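Descriptive analysis of the structure
What follows is each chain in one-letter form.
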Protein chains: 2
Amino acid sequence: MADLETFYNLCMQKGLKITPQRIEVYKTLAACSDHPSVDAIYKRVKKVLPNISFDTVNRTLNTFNDIGAAFVVGGDNVKRFDGNLEKHHHFKCVKCRNIIDFKHNEFDNVKVPEHLGQMFKVLKTTIFVEGLCRTCLEKDNKLK
Amino acid sequence: MADLETFYNLCMQKGLKITPQRIEVYKTLAACSDHPSVDAIYKRVKKVLPNISFDTVNRTLNTFNDIGAAFVVGGDNVKRFDGNLEKHHHFKCVKCRNIIDFKHNEFDNVKVPEHLGQMFKVLKTTIFVEGLCRTCLEKDNKLK
DNA sequence: AACAAAATAGTAGTAATTCCTATATAGTAA
DNA sequence: TTACTATATAGGAATTACTACTATTTTGTT
Ligand SMILES: [Mn+2]
Ligand SMILES: [Mn+2]
Ligand SMILES: [Zn+2]
Ligand SMILES: [Zn+2]
């Protein structure tokens, strides 16, 4: 995620006011390597800004998504946010539901099939890997 | 999605009872080319089994996911189910949120990076394409 | 400092999903 | 076929995630 300076500029450019709440949500998301839910970010930000409301955190994150300062990564039922703007892909553990970033240059230039390019305006192509993480694998083995 | 015979066998194998509700949910999902939500399937099944409860449809679909007779495809806020067990990939319109299947042989054999294979047990690798569908594109153009 | 537009806090409302439990049913074994 | 038991269901309550509303506050700008 870009630095605060860039964030200020992006806000100005989009006509958004720079508020302590937005700054703190931005810093919190930037500091996350996981893909936190609104609630997770709310809890973290609340330590710094005890009076912030859940709605503000939620609204702010959706605003970030709208202006391209972050994006949504689809959980099963809980929306998760991603502040990592670099090209990357996701591994998701089907058991604990954690989502982990990974980079793989080979995946960065996959070409969508011709017929798809004609039917849709393609904005983004990512690889989605599902499976079991080490922690969950070890838990499974212990049960046996 | 496989035929009813296969479904019966799968149920027996997993120790699940074959009920009219499960059969109907299975048939309904198999007949869908879209990626319906629980509610969408509930509405369709209700026409055949007017007394079925929402909970049963939901529970049944999750059971299908558990036994591998279907799988969940992550919506933003609504869980969607996929009865297409063949290897395929998804295009999602960021505006209307529709999810469309596509096949592309080139994508079927992508190898996950070495380091990922060591850290996780990889079960599935799919390509996820996001963008705008034709309908939404045309709507956008009309507004201008 | 004064102003207007935008943002926030607190709360209420809505939608999606899961839980609870009394009743009903499927599969099994007599 | 009948009786039995484990499993499944219907209906409703509860929970969870998210969004809407509005009075008040704050930001950015004169
Ligand atoms: Mn990520
Ligand atoms: Mn599909
Ligand atoms: Zn895991
Ligand atoms: Zn669309």
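Before reading further, recall that the structure is shown in the block above.
Residues numbered from 1 in each chain as written. Chains lettered and ligands numbered in written order. Predicted model: local features only at pLDDT ≥ 70, side-chain atom pairs only at ≥ 80, totals over all residues. Heavy atoms only, no water.

Here we look at the protein's contact with DNA strand C
Around DNA strand C sit 21 residues in total, of which A:Gln21, A:Thr56, A:Arg59, B:Asp55 and B:Lys79 are the nearest. Interatomic distance of 2.8 Å between a side-chain N/O atom of A:Gln21 and a sugar or linking oxygen of DNA strand C. In this structure, A:Asp55 approaches DNA strand C through a side-chain N or O atom, which is 3.4 Å from a base oxygen. When contributions to the surface near DNA strand C are tallied by element, the ones reaching two or more residues are helix H2 (20–30) and helix H4 (54–67) of chain A together with helix H4 (54–67) of chain B. (Near = heavy atom within 4 Å. Polar contact = N/O pair within 3.5 Å; in protein donor to acceptor, adjacent residues only side chain to side chain. Helix = DSSP H or I, 4+ residues; strand = E, 2+ residues; numbered from the N terminus.)

Notes on the coordination of the zinc ion (ligand 3)
Residues and elements named next belong to chain A. Listed as protein donors to the zinc ion (ligand 3) are Cys93 (SG), Cys96 (SG), Cys133 (SG) and Cys136 (SG); their distances from the metal cover 2.2 to 2.3 Å. Taken together, the 4 donor atoms coordinating the zinc ion (ligand 3) span angles of 106 to 114 degrees at the metal, a pattern that classifies the geometry as tetrahedral. Summarised as a motif, the one-chain spacing of the donors to the zinc ion (ligand 3) is C-x2-C-x36-C-x2-C. Taken together, the positions of cysteine 93 in strand S3 (residues 89–93) and cysteine 133 in strand S5 (residues 120–133) put the pair 40 residues apart, joining distant regions of the chain. The buried category is assigned to cysteine 133, whose relative accessible area is 7%. (Donors = N, O, S within 2.8 Å, 3.2 Å for Na, K, Ca; no water. Tetrahedral: all angles 85-135°; square planar, octahedral: opposite > 155°, others 65-115°. Buried < 20%, exposed > 50% of the residue type's maximum accessible area, 1.4 Å probe, protein only.)

A word on the coordination of the zinc ion (ligand 4)
Residues and elements named next belong to chain B. Donor atoms from the polypeptide that bind the zinc ion (ligand 4) are Cys93 (SG), Cys96 (SG), Cys133 (SG) and Cys136 (SG), placed at 2.3 Å. Relative to the metal, the 4 donor atoms surrounding the zinc ion (ligand 4) lie at angles of 106 to 114 degrees, and the coordination shape comes out tetrahedral. One chain supplies every donor for the zinc ion (ligand 4), spaced along it as C-x2-C-x36-C-x2-C. According to the relative accessible area criterion, cysteine 93 is buried, its value standing at 1%.

Overview of the pattern of salt bridges
Residue and element names in this part refer to chain A. This model, assessed by the stated rule, comprises 6 salt bridges over all chains. Between aspartate 34 and arginine 44 there is a salt bridge whose closest N-O contact spans 3.2 Å. You can see aspartate 34 sitting in the loop between H2 and helix H3 (38–48) and its partner arginine 44 sitting in helix H3, a full 10 residues away along the chain. Classification of aspartate 34 as partly exposed rests on a relative accessible area of 36%. Overall, the relative accessible area of 32% leaves arginine 44 in the partly exposed class. (Salt bridge = Lys/Arg side-chain N within 4 Å of Asp/Glu carboxyl O.)

Topic: the pairing of strand S1 (residues 71–74) of chain A
Residue and element names in this part refer to chain A. In S1, alternate side chains face the same way, and those of Phe71 and Val73 are buried while those of Val72 and Gly74 on the opposite face are not. Pairing of S1 with strand S2 (residues 79–82), which is carried by 4 bridges, proceeds in the antiparallel orientation. Bridging across to S2, valine 73 finds its partner in arginine 80. (Pairing = 2+ DSSP bridges.)

Quick word on the interface of chain A and chain B
Contact residues are listed per partner, giving 35 residues for chain A and 36 residues for chain B. Where chain A touches chain B, the interface holds 0 salt bridges. Along the contact surface separating chain A from chain B lie 10 residue pairs in polar contact (both at pLDDT 80 or more). Going through the elements one at a time, strand S4 (99–102), helix H5 (114–119), S5 and helix H6 (134–143) of chain A are the ones with two or more residues in the side of chain A that touches chain B. Looking at which element gives the most residues to the side of chain A that touches chain B, the answer is S5(A), with 14 residues. Each residue belonging to the side of chain A that touches chain B can be placed in one class, and the counts come to 19 nonpolar, 8 polar and 8 charged. Pairing of S5(A) with strand S5 (residues 120–133) of chain B, which is carried by 13 bridges, proceeds in the antiparallel orientation. Within S5(B), the residue paired with A:Val129 across the bridge is B:Thr125. (Contact = heavy atoms within 4.5 Å. Nonpolar A, V, L, I, M, F, W, Y, C, P; charged D, E, K, R; others polar.)

Description of the packing of helix H1 (residues 4–14) of chain A against H2(A)
All names here are of chain A. It is at 11 Å that the axes of H1 and H2 come closest, and there the two elements cross at 130 degrees. Of the possible angle classes, the one that applies to H1 and H2 is oblique. Our pair here, H1 against H2, has a crossing hand that is right-handed. Residues Leu4, Phe7 and Tyr8 of H1 pack against Arg22, Ile23, Tyr26 and Lys27 of H2. Per-class residue counts for the contact of H1 with H2 are 5 nonpolar, no polar and 2 charged. (Axes fitted to C-alpha atoms, helices over the stretch in contact; angles between N-to-C directions. Parallel < 35°, antiparallel > 145°, perpendicular 65-115°, else oblique. Left-handed = near helix turned anticlockwise from the far one by under 90°.)

Quick word on the protein's contact with DNA strand D
Lining the immediate surroundings of DNA strand D are 21 residues, of which A:Ile18, A:Lys79, B:Arg22, B:Thr56 and B:Arg59 lie closest. Those atoms of DNA strand D that come within 4 Å of the protein belong to sugar or phosphate at a rate of 70%. In this structure, A:Lys79 approaches DNA strand D through a main-chain N or O atom, which is 2.7 Å from a phosphate oxygen. A distance of 2.9 Å is found between a phosphate oxygen of DNA strand D and a side-chain nitrogen or oxygen belonging to B:Thr19.

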